[in-house]
Amino acid sequence: MKHLKLILLMTAISLSATALATNPLLIPYKTPHQTIPFNEIKTEDYFPAFQEAMKQHNIEVDAIVNNPQAPTFENTIVALEKTGSLLIKVSSPFYNLLSSETNDELQTIAEKISPLMSEHNNSIKLNEKLFARVKSVYLQKDKLKLTPEQQMLLKDTYEGFTKNGANLSDADKVIYRQLSKDLSMLTLQYGQNVLKETNKYSLLITNKDLLKGLPKDLLDMLASNAKKAGKEGWLLNLKATCYVPFLKYADNRDLRRELYMANSTKCMMGGEFDNIENVRKIANTRLKITNLLGYKSYADYELIDRMAENKTKVYDLLDKLLTAYKPTAEKEYADVQEYADKNGAYFKLQPWDWSYYSEKLKDEKYSLNDEMLKPYFELEHVKKGVFGLATRLYGLKFTKNNKIQVYNPEVEAFDVTDEKGNFLAVLYTDFHPRDGKRAGAWMNDFKAQWMDGKVDNRPQITIVMNFTRPTDTKPALLTFDEVKTFLHEFGHSLHGMLTKCTYQSLSGTNVYRDFVELPSQIMENWATEKEFLDGFAVNYKTGEKIPADLIQKIKDSENFNIAYFCLRQLSFGYLDMAWHTIEKPFDGDVINYEKQAMTSTMVLPMVPNTSMSPTFSHIFSGGYAAGYYSYKWAEVLDADAFSVFEKNGIFDKKTADSFRKNILEKGGTEHPMILYKRFRGQEPTIDALLKRNGVKL
Ligand SMILES: [Zn+2]
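What counts, and at which threshold
- Position numbers for residues start from 1 in each chain and track the written sequence from start to end.
- Local features in this predicted model are restricted to residues of pLDDT 70 or higher, and side-chain atom pairs are both shown and tallied only at a pLDDT of 80 or more, whereas totals for entire chains, interfaces and linings draw on every residue.
- With hydrogens and water stripped out, all remaining heavy atoms of the structure feed into the side-chain values.
- Any two of the Phe, Tyr and Trp rings considered here, Trp counted by its six-membered ring, make a pair once their centres fall within 6.5 Å; the pair's planes then place it as stacked at under 30 degrees, edge-to-face at over 60, or tilted in between.
- Strands are runs of DSSP state E lasting at least 2 residues, helices are runs of H or I lasting at least 4, and numbering of each runs from the N terminus.
- Per-residue accessibility, obtained with a 1.4 Å probe over protein chains only, is compared with the maximum for each type, and a residue is labelled buried under 20%, exposed over 50%, and partly exposed between these values.
- Metal sites are built from N, O and S donor atoms within 2.8 Å, or 3.2 Å for Na, K and Ca, and they leave out water, so they may look incomplete.
- Every definition here rests on a 1 Å grid over the protein atoms only: cavities are sets of points where a 1.4 Å probe fits but cannot get out, pockets are open sets enclosed by protein on both sides within 12 Å along at least five of seven lines, and lining residues have some atom within 4 Å of a point.
- Grid points are joined across faces, edges and corners, and a volume is the space filled by probe spheres set on the points.
- Think of it as three bins: nonpolar holds Ala, Val, Leu, Ile, Met, Phe, Trp, Tyr, Cys and Pro, charged holds Asp, Glu, Lys and Arg, and polar takes everything else, Gly as well.
- Two N or O atoms form a polar contact when they lie within 3.5 Å of each other; inside protein one atom must be a possible hydrogen donor and the other a possible acceptor, and for residues adjacent in sequence the pair counts only when both atoms belong to side chains.
- Whether two residues touch is decided by their heavy atoms; if any such pair falls within 4.5 Å, the residues are in contact.
- Here, a salt bridge means any side-chain nitrogen of Lys or Arg that lies within 4 Å of a carboxyl oxygen of Asp or Glu.
- For helices, the fitted axis covers only the stretch in contact; all axes are lines through C-alpha atoms, and the angles between them, taken along N-to-C directions, range from 0 to 180 degrees.
- Roughly parallel covers angles under 35 degrees, roughly antiparallel covers those over 145, roughly perpendicular covers 65 to 115, and oblique covers all other angles.
- By convention the crossing between two helices is left-handed if the near helix lies anticlockwise of the far one by an angle smaller than a right angle, and right-handed if it lies clockwise.
- Here, the term nonpolar core denotes a set of buried Ala, Val, Leu, Ile, Met, Phe, Trp, Tyr and Cys residues that are joined through side-chain atoms within 4.5 Å.
- When DSSP locates at least two bridges between a pair of strands, those strands are taken to pair.
- When the sulfur atoms of two cysteines come within 2.5 Å, that pair is taken as a disulfide.

> Before we go on, may I ask you to explain the packing of aromatic side chains in this structure?
We describe a pair of aromatic rings using the distance from one ring centre to the other and the angle between the two ring planes. With the rule as written, the count across this model stands at 50 aromatic pairs. Seen in terms of ring centroids, Trp526 and Phe645 are 5.0 Å apart; in terms of plane orientation they differ by 70°. Their pairing is edge-to-face. Separated by 119 residues along the polypeptide, Trp526 in the loop between α19 (518-524) and α20 (530-533) and Phe645 in helix α25 (residues 630-648) bring together distant segments of the chain. Accessibility classification places Trp526 together with Phe645 in one group, the buried group.

> Please clarify how the coordination of the zinc ion should be interpreted in this entry.
Each donor-metal-donor angle would ideally measure 109.5 degrees in four-coordinate tetrahedral geometry, or 90 or 180 degrees in six-coordinate octahedral geometry. Coordination of the zinc ion by the protein is provided by His488 (NE2), His492 (NE2), Glu517 (OE) and Glu517 (OE), with metal-donor distances spanning 2.1 to 2.8 Å. Donor residues binding the zinc ion come from one chain and are separated in sequence as H-x3-H-x24-E. Of this pair, His492 sits in helix α18 (residues 480-497) while Glu517 is found in the loop between α18 and α19, placing the two residues 25 residues apart along the sequence. Residue His492 is classed as buried on the basis of its relative accessible area, which comes to 8%. Using a relative accessible area of 25% as the deciding quantity, one classes Glu517 as partly exposed.

> Teacher, can you tell me more about empty space enclosed by the protein here?
Gaps left between atoms show up when a probe the size of a water molecule is rolled over them. Taken as a whole and judged by the stated rule, the model has 4 cavities of 30 Å³ or more. Taken as a whole, the largest cavity encloses approximately 60 Å³ of empty space. For the largest cavity, the lining is made up of 13 residues, of which Asp445, Gly496, Ser507, Gly508 and Thr509 are closest to its centre. Within the lining of the largest cavity, the residues separate by chemical class into 4 nonpolar, 7 polar and 2 charged. A volume near 50 Å³ is recorded for the second largest cavity. Lining the second largest cavity we find Lys125, Leu126, Asn127, Glu128, Phe131, Ala166, Lys173 and Arg177. Within the residue set of the lining of the second largest cavity, elements represented by two or more residues are α6 (128-139) and α8 (170-200). Residue classes in the lining of the second largest cavity are distributed as 3 nonpolar, 1 polar and 4 charged.

> Even after reading the chapter, I still don't get the side chain of Thr290, so can you show me in this structure?
Relative to the elements of secondary structure, Thr290 occurs in helix α12 (residues 276-292). Polar contacts involving the side chain of Thr290 include one to the main-chain carbonyl oxygen of Leu287, which spans 3.1 Å. If we skip the residues at most four places from it in the chain, Thr290 touches Tyr295, Ser297, Tyr298 and Tyr301.

> Just checking my understanding: could you explain the pattern of salt bridges for this structure?
Where side chains of opposite charge bring their charged atoms close, a pairing between them can arise. Evaluated as defined, the whole model comprises 39 salt bridges. For Lys248, the salt bridge identified is with Glu359, shortest N-O distance 3.9 Å. Placement of the pair is Lys248 in helix α10 (residues 240-249) and Glu359 in helix α15 (residues 351-366), with a sequence separation of 111 residues. Ionic pairing is found between Asp640 and Arg680, a salt bridge with its closest N-O pair at 2.9 Å. Of this pair, Asp640 sits in helix α25 while Arg680 is found in helix α27 (residues 672-680), placing the two residues 40 residues apart along the sequence. Ionic contacts of the salt-bridge type, sharing partners, join the residues Glu101, Glu410, Asp430, Arg434, Lys437 and Arg469 into one network.

> Looking at this model, I keep getting lost on the packing of helix α4 (residues 85-100) against helix α5 (residues 104-125). Mind explaining?
The interhelical angle for the contact between α4 and α5, taken along N-to-C directions, is 140°, at an axis separation of 12 Å. When the axes of α4 and α5 are compared, the pair comes out oblique. The handedness of the crossing between α4 and α5 comes out as left-handed. Contact with α4, carried on its side by Leu87, Ser91, Phe94, Tyr95, Leu97 and Leu98, involves Leu106, Gln107, Ile109, Ala110, Ile113, Met117 and His120 of α5 and no other residues of that element. Taken together, the residues of the contact of α4 with α5 break down into 10 nonpolar, 3 polar and no charged.

> How should I be thinking about the nonpolar core in this particular structure?
Side chains that are nonpolar tend, in soluble globular proteins, to be buried together. Core analysis: the largest hydrophobic core is formed by 143 residues, its most contacted members being Tyr325, Phe377, Phe398, Phe486, Phe490, Trp526 and Phe659. If near-sequence neighbours (up to four positions away) are discounted, Phe486 is found in contact with Leu379, Val382, Lys383, Val386, Phe431, Ile463, Met465 and Phe467.

> Explain the side chain of Ser613 to me, please; I cannot follow it from the model alone.
By the secondary structure assignment, Ser613 is in the loop between α23 (590-598) and α24 (617-620). Among the residues examined, Ser613 registers a relative accessible area of 0% and is labelled buried. Not counting residues up to four positions away in its chain, the partners in contact with Ser613 are Tyr190, Val279, Leu575, Trp579, Val590, Glu594 and Phe620.

> How should I be thinking about unusual backbone geometry in this particular structure?
Most peptide bonds adopt trans geometry, and most residues besides glycine take a negative phi value. With a phi close to 70°, Glu309 is a non-glycine residue in the positive phi region. Of note, Glu309 is situated in the loop between α13 (298-302) and α14 (311-342). The class for Glu309 is partly exposed, based on a relative accessible area of 35%. In the Ramachandran plot, Asn609 falls in the positive-phi region, its phi being about 60° despite a non-glycine side chain. Here Asn609 is to be found in the loop between α23 and α24.

> Explain the pairing of strand β5 (residues 423-430) to me, please; I cannot follow it from the model alone.
Here β5 lies mainly inside the structure; 7 of its 8 residues are buried. Summarising the sheet, strand β4 (residues 412-417) and β5 pair through 6 bridges and their orientation is antiparallel. Counted as the bridge partner of Thr417 is Phe423 from β5. Counting the residues that bridge the hairpin from β4 to β5 gives 5 residues, and of these Gly421 lies at a positive phi of roughly 85°. As paired strands, β5 and strand β9 (residues 460-464) are joined by 5 bridges and run parallel to one another.

> Explain the sheet that holds β4 to me, please; I cannot follow it from the model alone.
Think of a sheet as strands paired side by side through backbone hydrogen bonds, with each pair either parallel or antiparallel. Strand order in the open sheet formed by 5 strands is β3-β4-β5-β9-β6, and the pairing between neighbours is mixed. Only two strands of the sheet have a single partner each, and these edge strands are β3 (397-400) and β6 (442-447). The sheet shows a mean angle of 30° between the axes of neighbouring strands, taken without regard to direction. Set on the sheet, α18 makes contact with β3, β4, β5, β6 and β9; between it and β9 the angle comes to about 170°.

> What's the story with the environment of Gln51 in this structure? I'm lost.
Residue placement: Gln51 occurs in helix α2 (residues 46-65). Residue class for Gln51 comes out partly exposed when judged on its relative accessible area of 43%. As a C-alpha pair, Gln51 and Val90 span 39 residues in sequence and 10.0 Å in three-dimensional space.

> What exactly am I supposed to notice about the state of the cysteines here?
Linking two cysteines covalently via their sulfur atoms produces the bond known as a disulfide. Overall, the coordinates contain 0 disulfides when judged by the stated rule. Considering cysteine sulfurs only, Cys242 is the nearest to Cys267, which forms no disulfide, with 18 Å between them. Note on Cys267: relative accessible area 0%, which makes it buried.

Take a look at the structure:
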């Protein structure tokens, strides 16, 4: 028996060794540009590849830790930067496919991998000997004569440890770990409460008269909701797909109010999913953690890695926008009220009336809808337009390469070359929804760019969207929003493709979070430029160019109630900052505190006993704590940056060159404000955004 077991074991070892030697993820790719051989990789290859890659990573890290030589920038910081390349190689197709071409098997592997990966990453971040070497280099930083990029790498590496408590005493480390654990439990519970409370609510309507005003597809959805629940009639709920259009279209004011109140009192009326106490606990736990790490407030800690740098600058932006937009927002409110009065409203508009009357007024003013624009935006035309924009601005050429393997026949791969014909990047495009693809749109890389000595490893980038697919009788026609989405993700991809950096962790889109949307959002500005649209936006049936008055209508309708929306975003920004700038534990009244924080931004009446904080998942269970302002920050940046193109010409080569050299090529190698000022000649102001929004001071 024993003998047999040994033989079996040996077979297993030699089998797995052979399996590793032939695992396509673990051997060099022999494909064009060493792209991923999707056709050769089988789902079962991932798990053993992950295990092997983590093992390799540990060996590489150990070699740094056990290096008998004194720590230097090269033998520690650069060496650490270079570790884990196999793990990146294995992770990148895996996590990309998990979003764009997933299945049950991949999901099962992801569940198995996820705890192993976090344990693996923690073991490196908590490696005290490794940190001692990093710190020793960091402490000599002023004597090392490093380039700005090297300084950034050193700072990032060091902070990657210290932001996770590496500098704490042993006793404080224990406290830190406990607090981090508490925080992750609290944020998880908070998020689940929001979800469960949202899902708990439903309202059955059996009298169709109560649903007047709703479009047919919404009615159908509500009827199918009821049917699924085994009921007759129409079932309302608080999910965005029902709540948002219901408030927009339902003629019945009582029902609008009912739904609004149900939504705005979620997780605050007692009961098992109440989040009021969680709000206090999360804010206080974050404060404790950051106090332990030596910061006064959570915002102080969070903002060190942001273009905004500190809370003063964040508040400065919020305050400036508030002052600028409030008078216009009040005028917008008055206009909608006037319209409502004329149409039989005998009351002061409440939050549950706002979207209803706004929508009707907007429709009356612009009568613009998706169907009117779609014929001008056939996907194949839009593709030519978008790629062509990169050709005009940056001299890029896109050549379809059928030899590159793709993960789905719908996906296309392009060789991207520069004006001299040099190879720059591979770009994959994936446009349509499928089972197994998550909703939304995103850019990601399959391979980042970095320099290996003198060898420039060029990147492999993917953009993934969910645009309506063509039918037998109609090509794929995009809505205007989809055109902007395409430009947006394509902008991220330019950031990824044009990058010229030394270190992978700083290249491409690896920049501060409030800077990352500049390259993407700036591209959306071209969407309403006639000169750009004329190049491709022609009616797919008649070939007629998109009419100028239609473009103007798009612009005007985009600015409809723009100041109101701005104030709404500001209100969330202020609320976020209020919770994350506390310097003492908060034990007061959550609802009152929230009111104080938001009151200056309010245009609509504030409804008593409603609250945002118990359901503000972005900041209490998502990644936006002390970061909500960045939505507005990025808008200010993209408008300010685009104003240079507006001034010099939207295809001006010199302006494009400067944007490319100072922003797109630089990744995160220097502080974003330094990069931005090199392009712009000054710090950004809100003026261009005001102008774009038609808001006058
Ligand atoms: Zn984006």
